[in-house]
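# Residue-level structure breakdown
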Amino acid sequence: MIVGDMLTGRIGHAMAALADGRVLIAGGWVTAGDSPRLTASDSVEIFDPATGTSVPAGHLGWARIGHAASVLDDGSVLIVGGTDGQVLVATGEIYDPTSMTSRPTSDVMRLPRWGLTATTLLRGRVLIAGGNDGTQNVGFAEFFDPATETFAPAPMMLTPRRGHTALRLPQNNSVLLAGGVSGDGSALATAETYEPWQGSDGAFVPTGSMSRAHVNGVSGPAAVGVAFVAGGGNGAA
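### Section: the overall build of the protein
Per the secondary structure count, the protein includes zero helices and 18 strands. The dimensions of the protein, computed from C-alpha atoms along their principal axes, are 50 × 40 × 35 Å. When contacts within the protein are restricted to residue pairs at least 6 apart in sequence, those whose partners lie at least 24 apart make up 43%. Carbon and sulfur atoms make up 56% of the accessible area of the protein, which totals about 11000 Å². The protein carries 13 positive and 20 negative side-chain charges, and their two centres are separated by 4 Å.

Laid out in structure tokens, this is it:
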């Protein structure tokens, strides 16, 4: 079922479901005019599923591809990482959907990368996990603290991943990280969870594998204690 169109066709953009049910769509590869050449975009639009329409919603501070977005407790959106098509973007920014403006965070990520995920935890911190640092897929993770707008190292993931999916599980505040591409370039069917109650900073622990690999798939809650992962590819390209 087609619910509407974006204003701009995009590849490698980031999306986040806002508190009012609308969807933020930001950045990505876009085409300019009639040219088939793809360029990195800083444009933002907001899609309203009630009307099936998108409206222009300002610009990011940096053009980004392969970045991550996560809604913070105050309704603003953290946008981190990615690449501008030439170099990795280490900066974070906070987008305000009310004013449709974005401002840089006070700090930058400890490791610039693309293909990462960002997931807001129950107490407000954001877990930023995995990605590609320009040389290899990594298992590096870090926290973003909205109160101080600073980044700090988190425990290492069990498996390097890029293009994986991440979902906070509502029943216990753990984060499911599934699929993606591994450090050796193979597509992953494995999954792991971040458990924030393990030690002072939490820990990543193994969980069951999926029936097939998913790269750049999507995930969501299916029922109490159940999550789904769907779509994407099953190869490392």
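Moving on from the model shown.
### Here we look at the environment of Gly-58
Within the secondary structure layout, Gly-58 lies in strand E4 (residues 53–59). Note: C-alpha distance between Gly-58 and Gly-115 (57 residues apart in sequence) is 23 Å. When near neighbours in sequence (up to four residues on either side) are disregarded, Gly-58 contacts Asp-42, Ser-43, Val-44 and Met-100.

### A few points about the side chain of Asn-137
Mapped onto the elements, Asn-137 comes out in the loop between strand E10 (126–129) and strand E11 (141–145). Polar side-chain contacts of Asn-137 include one of 3.5 Å to the backbone oxygen of Val-181. With residues near it in sequence (within four places) discarded, Asn-137 still touches Gly-131, Asn-132, Pro-160, Arg-162, Val-181, Ser-182 and Gly-183.

### Brief notes about the sheet that holds strand E5 (residues 68–71)
Read from one edge to the other, the open sheet built from four strands follows the order E5-E6-E7-E8, with strand pairing classed as antiparallel. Since the sheet does not close on itself, it has two edges, and those belong to E5 and strand E8 (101–108), each with one partner. Each strand of the sheet is rotated relative to its neighbour by a mean of 25 degrees, with strand direction disregarded. Relative to E8, strand E7 (residues 91–96) runs antiparallel, the two being bridged by five bridges. Bridged to Asp-96 within E8 is Thr-101.

### Some words on the packing of aromatic side chains
All told, the structure shown has three aromatic pairs when counted by the stated rule. With a centroid separation of 4.9 Å and an interplanar angle of 50 degrees, the aromatic rings of Phe-144 and Phe-151 are classed as tilted. Accessibility classification places Phe-144 together with Phe-151 in one group, the buried group. Consider the rings of Tyr-194 and Phe-204, whose centres lie 5.3 Å apart with planes at 55 degrees: the pair is tilted. Placement of Tyr-194 in strand E15 (residues 191–195) and of Phe-204 in strand E16 (residues 203–206) is noted, with a sequence separation of ten residues between them. Each member of the pair, Tyr-194 as well as Phe-204, is classed as buried. The cationic tip of Arg-125 hangs over the ring face of Phe-143; the distance from NZ or CZ to the ring centre is 3.8 Å.

### Section: the nonpolar core
In this structure, Leu-24, Val-44, Ile-46, Ala-69, Val-77, Ile-79 and Tyr-95 are the most contacted members of the largest nonpolar core, which totals 13 residues. Only strand E1 (14–17), strand E2 (23–31), strand E3 (38–48) and strand E6 (77–80) provide two or more residues apiece to this core. Beyond its immediate sequence surroundings of up to four residues, Ile-46 is in contact with Leu-18, Arg-22, Val-23, Leu-24, Thr-53, Ser-54, Val-55, Ala-57, Tyr-95 and Pro-97. In this structure, Leu-72, Val-80, Ile-94 and Phe-144 belong to the second largest nonpolar core, which totals twelve residues.

### Some remarks on the sheet that holds E16
Sheets are built from strands paired through backbone hydrogen bonds, the pairs being either parallel or antiparallel. Strand order in the open sheet formed by four strands is E13-E14-E15-E16, and the pairing between neighbours is antiparallel. Of all strands in the sheet, those bounded by a partner on one side alone are strand E13 (165–168) and E16. Neighbouring strand axes in the sheet, compared pairwise and without regard to direction, differ in orientation by 25 degrees on average. Both strand E14 (residues 175–178) and E15 contribute to a ladder of four bridges, which runs antiparallel. Bridge pairing in E15 places Leu-177 opposite Glu-192.

Criteria and thresholds
Residues numbered from 1 in each chain as written. Predicted model: local features only at pLDDT ≥ 70, side-chain atom pairs only at ≥ 80, totals over all residues. Heavy atoms only, no water. Helix = DSSP H or I, 4+ residues; strand = E, 2+ residues; numbered from the N terminus. Contact = heavy atoms within 4.5 Å. Areas by Shrake-Rupley, 256 points an atom, 1.4 Å probe, with all protein chains shown as cover. Lys, Arg positive; Asp, Glu negative; His and termini not counted. Charge placed at Lys NZ, Arg CZ, Asp CG, Glu CD. Polar contact = N/O pair within 3.5 Å; in protein donor to acceptor, adjacent residues only side chain to side chain. Pairing = 2+ DSSP bridges. Axes fitted to C-alpha atoms, helices over the stretch in contact; angles between N-to-C directions. Phe/Tyr/Trp six-rings, centres within 6.5 Å; stacked < 30°, edge-to-face > 60°. Buried < 20%, exposed > 50% of the residue type's maximum accessible area, 1.4 Å probe, protein only. Lys NZ or Arg CZ within 6 Å of the ring centre and 35° of its normal. Core = buried A, V, L, I, M, F, W, Y, C linked by side-chain atoms within 4.5 Å.

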